[in-house]
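Each chain, letter by letter, is given below.
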Amino acid sequence: MLGRLNHVAIAVPDLAAATATYRDTLGAPVSAPQALPEHGVTVVFVDVGNTKVELLEPLGEGSPIAAFLAKNPSGGMHHVCYEVDDILAARDRLKAAGARVLGDGEPKLGAHGKPVLFLHPKDFSGTLVELEQS
Ligand SMILES: CC[C@@H](C(=O)O)C(=O)SCCNC(=O)CCNC(=O)[C@H](O)C(C)(C)COP(=O)(O)OP(=O)(O)OC[C@H]1O[C@@H](n2cnc3c(N)ncnc32)[C@H](O)[C@@H]1OP(=O)(O)O
Ligand SMILES: [Co+2]
């Protein structure tokens, strides 16, 4: 069911500072910031060749990453995103296996304009999982 690793996401308290670290210190190409109010985050993507790193900063009230950053004020690894061929089939299979699909269970368009879903970290070895339609 799982395809390639699309991205690893890191929640950060200061997106401009994290961008500068990846671009200037680590020498990686970093995209322009993208505000995604429907997801409560602003993101940039770092191109690391074989996959991407997504840097996430909270946006607006009730951001889904606010509690995570309160517990990890310096930031930290927030989720991994795997591609799937058929996100609805993947969702139904996971639900049948007892995994918790977050939100209302319906895919939303993610940062790449493709449908995404999130799976509860307690069902996946303490790691929040994002699925993205490939
Ligand atoms: C830009 C769009 C998109 C893309 O295309 O790439 C994105 O990536 S958007 C990214 C942000 N969006 C989301 O994260 C949406 C899904 N997330 C959620 O619904 C919530 O964040 C959550 C996972 C349900 C957590 O909710 P929260 O209120 O922060 O905490 P809880 O108290 O309910 O947490 C329960 C439990 O889980 C632990 N936890 C929370 N977040 C993580 C995490 N990222 N990784 C690992 N574990 C996590 C939390 O610590 C609690 O554990 P205990 O303390 O042991 O109870
Ligand atoms: Co993501």
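Before going into details, it helps to say that this report is about the structure given with it. Position numbers for residues count from 1 along each chain, tracking the sequence in the order it is written. Working convention: letters from A go to chains and numbers from 1 go to ligands, in the order in which they are written. Owing to the predicted nature of the model, reporting of local features is limited to residues with pLDDT of at least 70; listing and counting of side-chain atom pairs is limited to 80 or more, with chain, interface and lining totals taken over all residues. No hydrogens and no water enter the side-chain calculation; it runs on all heavy atoms of the structure.

**As for the site of ligand 1**
Distances are taken per atom, and a residue is near a molecule or strand as soon as one of its heavy atoms is within 4 Å of it. In the region of ligand 1, 22 residues are neighbours, and Glu54, Lys71, His78, Ala111 and Lys122 sit closest. Of the two site types, the cavity is a set of points on a 1 Å grid over the protein atoms alone where a 1.4 Å probe fits but cannot get out, and the pocket is an open set with protein on both sides within 12 Å along at least five of seven lines, each lined by residues with an atom within 4 Å of a point. Pocket or cavity membership: a molecule qualifies when more than half of its atoms sit within 2 Å of the grid points of that site. Of all the cavities here, the one that holds ligand 1 is the largest pocket. A breakdown of the residues in the shell around ligand 1 according to their chemical character gives twelve nonpolar, six polar and four charged. Basically, the charged four are Asp, Glu, Lys and Arg, the nonpolar ten are Ala, Val, Leu, Ile, Met, Phe, Trp, Tyr, Cys and Pro, and anything else, Gly included, counts as polar.

**Quick word on helix α3 (residues 87-96)**
In this scheme, a residue with accessible area under 20% of its type's maximum is buried, one over 50% is exposed, and one in between is partly exposed, where area comes from a 1.4 Å probe on protein chains only. Secondary structure elements follow DSSP: runs of H or I no shorter than four residues count as helices, runs of E no shorter than two count as strands, and numbering proceeds from the N terminus. Along α3, the residues that are buried comprise Ile87, Ala90, Arg91 and Leu94. Axial view of α3: buried residues confined to an arc of 100 degrees, hence all on one face. Looking at α3, the residues exposed on the side facing more than 90 degrees away from the buried face are Arg93 and Ala96. Note on contacts: a residue pair qualifies if any of its non-hydrogen atoms lie within 4.5 Å across the two residues. At its buried positions, α3 is contacted by β5 (76-84), β7 (115-119) and β8 (128-133). In protein, a polar contact requires one atom able to donate a hydrogen and another able to accept it; more generally it is a pair of N or O atoms within 3.5 Å, and residues adjacent in sequence count only if both atoms are side-chain atoms. Regarding α3, its N-cap is Asp86, as a side-chain oxygen of that residue lies 3.2 Å from the backbone nitrogen of Leu88 further along. Arc, as used here, means the arc of the directions from the helix axis to the C-beta atoms.

**Considering the sheet that holds strand β4 (residues 52-58)**
Read from one edge to the other, the open sheet built from eight strands follows the order β2-β3-β4-β1-β5-β8-β7-β6, with strand pairing classed as mixed. Two strands bound the open sheet, and with one partner strand each, they are β2 (34-36) and β6 (108-109). Where strand β1 (residues 2-11) meets β5, seven bridges bridge the pair, whose relative direction is antiparallel. Note on β5: the bridge partner recorded for Ala11 is Gly76. Only C-alpha atoms enter the line fits that serve as axes; for helices the fit covers just the stretch in contact. Angles between N-to-C directions range over 0 to 180 degrees. In this fold helix α1 (residues 15-25) packs onto β1, β3 (41-47) and β4, with an angle of close to 160 degrees to the strand it touches most, β4. In this scheme, strands are said to pair when DSSP sees at least two bridges between them.

**What to know about the side chain of Thr51**
Here Thr51 lies in the loop between β3 and β4. Residue Thr51 is classed as buried on the basis of its relative accessible area of 12%. Among the polar contacts listed, one links the side chain of Thr51 to the backbone oxygen of Leu5, at a separation of 2.8 Å. Those residues in contact with Thr51, other than ones at most four positions away along the chain, are Arg4, Leu5, Asn6, His7 and Val46.

**So, the coordination of the cobalt ion (ligand 2)**
Only nitrogen, oxygen and sulfur atoms qualify as donors, and only when within 2.8 Å of the metal (3.2 Å in the case of Na, K and Ca); with water excluded, sites may look incomplete. Looking at the cobalt ion (ligand 2), one finds its protein donor set to be His7 (NE2), Glu54 (OE), His79 (NE2) and Glu130 (OE), positioned 2.1 to 2.2 Å from the metal centre. Every angle between 85 and 135 degrees makes a four-donor site tetrahedral, while opposite donors more than 155 degrees apart, with all other angles between 65 and 115, make a four-donor site square planar and a six-donor site octahedral; other sites are irregular. Considering all six donor atoms around the cobalt ion (ligand 2), the spread of angles at the metal, 73 to 169 degrees, places the coordination shape in the octahedral class. The motif formed by the donor residues of the cobalt ion (ligand 2), counted along the single chain, is H-x46-E-x24-H-x50-E. Of this pair, Glu54 sits in strand β4 while Glu130 sits in strand β8, and the two are 76 residues apart along the sequence. Overall, Glu54 belongs to the buried group, its relative accessible area being 5%. We classify Glu130 as buried; its relative accessible area is 5%.

**Brief notes about the pattern of salt bridges**
Close approach of charged atoms lets side chains of opposite charge pair. Basic side-chain nitrogens of Lys or Arg form a salt bridge, by our definition, when they fall within 4 Å of a carboxyl oxygen of Asp or Glu. This model, assessed by the stated rule, comprises five salt bridges. Two residues, Asp24 and Arg23, come together in a salt bridge whose shortest N-O distance is 2.9 Å. Overall, the relative accessible area of 43% leaves Arg23 in the partly exposed class. Its salt-bridge partner being Arg91, residue Asp92 comes within 3.0 Å of it at the nearest N-O pair. Under the relative-accessibility criterion, Asp92 is labelled partly exposed at 41%. You can call Arg91 buried: its relative accessible area is 11%. Taken together, the shared-partner salt bridges connect Arg91, Asp92 and Glu106 into one network.

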